[in-house]
Amino acid sequence: SQQGEEDPQALSIQEGENATMNCSYKTSINNLQWYRQNSGRGLVHLILIRSNEREKHSGRLRVTLDTSKKSSSLLITASRAADTASYFCATSRGGYNKLIFGAGTRLAVHP
Amino acid sequence: KAGVTQTPRYLIKTRGQQVTLSCSPISGHRSVSWYQQTPGQGLQFLFEYFSETQRNKGNFPGRFSGRQFSNSRSEMNVSTLELGDSALYLCASSLGLAGTLNEQFFGPGTRLTVL
């Protein structure tokens with residue numbers, strides 16, 4: 001079963017706009033990670049945020065984590081057509097590698 | 001550094017058959033995890049192997065099994081295939097060190113179709 005939900009399920013924007021995706025989860029976590037998947041291919045790791053962190057940046061990506069609300073958001077600024085993909089959040093507990101994924105957000109960026 | 005490789009990339013089987021999928025992790029990585037992705041259930045954790053031992057297991061029936069070799073390469077096996085086993089099977093490798101936060105690197109996946 002999945003740990004949580006992402007919203008929106010689908011997002012359609014124009015190039016240059018910002019895209020915000022949200023993720024909620026159910027149990028306490030050690031960290032939360034965001035992944036990108038292009039059309040049925042493998043997952044690409046984007047960013048990891050630890051449970052004691054509130055915000056993290058990587059290039060055009062900004063991730064926030066609110067453990068009191070059990071939620072996270074991924075912001076992609078100045079989006080490009082190449083950002084078109086599905087985005088998943090994944091949580092882990094304990095020190096090992098069992099990732100629990102959300103349902104994902106399908107992002108379409110139109111030129 | 002070479003990435004995670006999975007073979008075969010595509011596979012077609014019929015119900016009742018069994019299948020073996022292979023995953024070669026990034027050099028130096030000792031942990032390999034397997035995930036199943038379907039449109040209905042999304043991404044679900046199958047199991048994780050570390051140093052040839054299963055360290056974590058998801059909620060899948062015993063028809064799903066795996067193993068890891070001394071060179072960290074891993075195989076997963078599905079016996080008595082069912083139509084619902086059609087999915088993209090992804091493996092991920094990481095350093096797998098206990099108590100640390102390991103970034104997992106995913107392979108391109110094996111697309112299994114059961115007819």
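Above this note sits the structure.
The rules behind the values
- Residues numbered from 1 in each chain as written.
- Chains lettered and ligands numbered in written order.
- Predicted model: local features only at pLDDT ≥ 70, side-chain atom pairs only at ≥ 80, totals over all residues.
- Heavy atoms only, no water.
- Disulfide = S-S within 2.5 Å.
- Helix = DSSP H or I, 4+ residues; strand = E, 2+ residues; numbered from the N terminus.
- Buried < 20%, exposed > 50% of the residue type's maximum accessible area, 1.4 Å probe, protein only.
- Contact = heavy atoms within 4.5 Å.
- Buried area = accessible area lost by both parts, 1.4 Å probe.
- Salt bridge = Lys/Arg side-chain N within 4 Å of Asp/Glu carboxyl O.
- Polar contact = N/O pair within 3.5 Å; in protein donor to acceptor, adjacent residues only side chain to side chain.

Engineer: Lay out the state of the cysteines with the relevant residues and their values.
Structural biologist: Residue and element names in this part refer to chain B. A full pass over the atoms with the stated rule returns 2 disulfides over all chains. The disulfide that involves Cys23 links it to Cys91, with 1.9 Å between the sulfurs. Here Cys23 and Cys91 share a disulfide; its torsion about the S-S bond, 65 degrees, makes the bridge right-handed. You can see Cys23 sitting in strand 3 (residues 19–24) and its partner Cys91 sitting in strand 9 (residues 87–94), a full 68 residues away along the chain. Accessibility classification places Cys23 together with Cys91 in one group, the buried group.

Engineer: Which residues make up the interface of chain A and chain B, and what values do they have?
Structural biologist: At the junction of the two partners, chain A supplies 21 residues and chain B supplies 29 residues. Between chain A and chain B, the buried area comes to about 1900 Å², and carbon and sulfur atoms account for 53% of it. Remark: the boundary between chain A and chain B carries 0 salt bridges. Applying the counting criterion to the chain A and chain B interface returns 3 residue pairs in polar contact (both at pLDDT 80 or more). Of all the elements in the fold, those that place two or more residues in the side of chain A that touches chain B are strand 4 (31–37) and strand 5 (43–50) of chain A.

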